[in-house]
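Observations on the model geometry
Below are the chains, spelled out letter by letter.
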Amino acid sequence: MEIVIQKSAEEAARIGARIVARQIQRKPNTVLGLATGSTPLGLYRELIRLHREEGLDFSKVRTFNLDEYIGLSFDHPMSYHHFMWENLFRHLNIAKKNVHIPDGLAKDVPAFCERYEKDMKKAGGIDIQVLGIGSDGHIGFNEPTSSFSSRTRIKTLDGQTRKDNARFFKSITEVPHHCITMGIGTILESRTCLLFAFGKGKAEAIRESVEGPMAAMCPASVLQWHRDTRVLLDEAAASKLKKRAYYRSVYAGKPAWQQY
Ligand code: F6R
């Protein structure tokens, strides 16, 4: 794991965007795994800027989103489809056929999930997976106790996650109880994971994920096992890490060819 601590979320988002941009320049048909929620918004804004101002080309990029609420249609304002088109895709030159987001209205959910996994494989696997983290340590919607080898499937949201996400809805009663999410096993197959966390509310989950034991009670801790995970934090999210000084010195001492 590489831990990168920046003064602000904006700085961390810019570093993340540079990593994604370099990957797309190296491999124009890069496969990106994408997340929703408030955390990746800065990253998406920076990717849009790079596209507009520096010509970063998304025409061949393929994307697979982590998750979607069950029961919300594509055009529902709280659906992750709507979120992704509003906050990222409609601002890029991405081809609609290259965008994949779980279908919250799928009639046969297990069959849909199997196809989603097959489509990811057919695309050659995910090159970079963007992740946020829940206050309970979830990644995607893999709640505590999710299997480390789980694949894309239906999950029941934890009460805490519904509470956390109620801020996007009119009231908590509107927050769906179920979702489709990539599994932890699916996420682990990505070549690179970029885990972003900002704010004090994420500090405990980050401490447990980075310096705690690897345990199903904190799903993001499984990233300790992943061969190329980079954790991009602001000061507040990093505030409970014991080895903060070490992570900073590693980052400051990176040779030029390794810098972002
Ligand atoms: C969303 C997702 C979730 C969020 C997490 C944090 O696609 O996969 O794991 O990343 O719930 O949400 P925010 O960023 O809103 O704090």
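Scroll up to find the structure this text is about.
Quick notes on the rules
- Residues numbered from 1 in each chain as written.
- Predicted model: local features only at pLDDT ≥ 70, side-chain atom pairs only at ≥ 80, totals over all residues.
- Heavy atoms only, no water.
- Helix = DSSP H or I, 4+ residues; strand = E, 2+ residues; numbered from the N terminus.
- Contact = heavy atoms within 4.5 Å.
- Polar contact = N/O pair within 3.5 Å; in protein donor to acceptor, adjacent residues only side chain to side chain.
- 1 Å grid on protein atoms, 1.4 Å probe; cavity = no way out; pocket = protein on both sides within 12 Å on 5 of 7 lines; lining within 4 Å.
- Points joined across faces, edges and corners; volume = space filled by probe spheres on them.
- Nonpolar A, V, L, I, M, F, W, Y, C, P; charged D, E, K, R; others polar.

Side note on the side chain of Thr161
Within the secondary structure, Thr161 sits in helix 5 (residues 159-165). Apart from the residues within four sequence positions on either side, Thr161 is in contact with Asp136, His138, Phe141 and Glu143.

A few points about the environment of Thr156
Along the chain, the position of Thr156 falls in strand 7 (residues 153-156). Each C-alpha atom, one on Thr156 and one on Tyr69, is 10.0 Å from the other, the two residues being 87 residues apart in sequence. A distance of 3.4 Å separates a polar atom in the side chain of Thr156 from a polar atom in the side chain of His178.

Remarks on the layout of surface pockets
Considering only enclosed or pocket space, the largest pocket measures out at about 330 Å³ in volume. What lines the largest pocket is a set of 23 residues, and nearest its centre among them are Thr36, Gly37, Ile133, His138 and Asn165. In terms of residue count, helix 5 provides more of the lining of the largest pocket than any other element does, three residues in total. Of the residues assigned to the lining of the largest pocket, the class counts are eight nonpolar, 11 polar and four charged.

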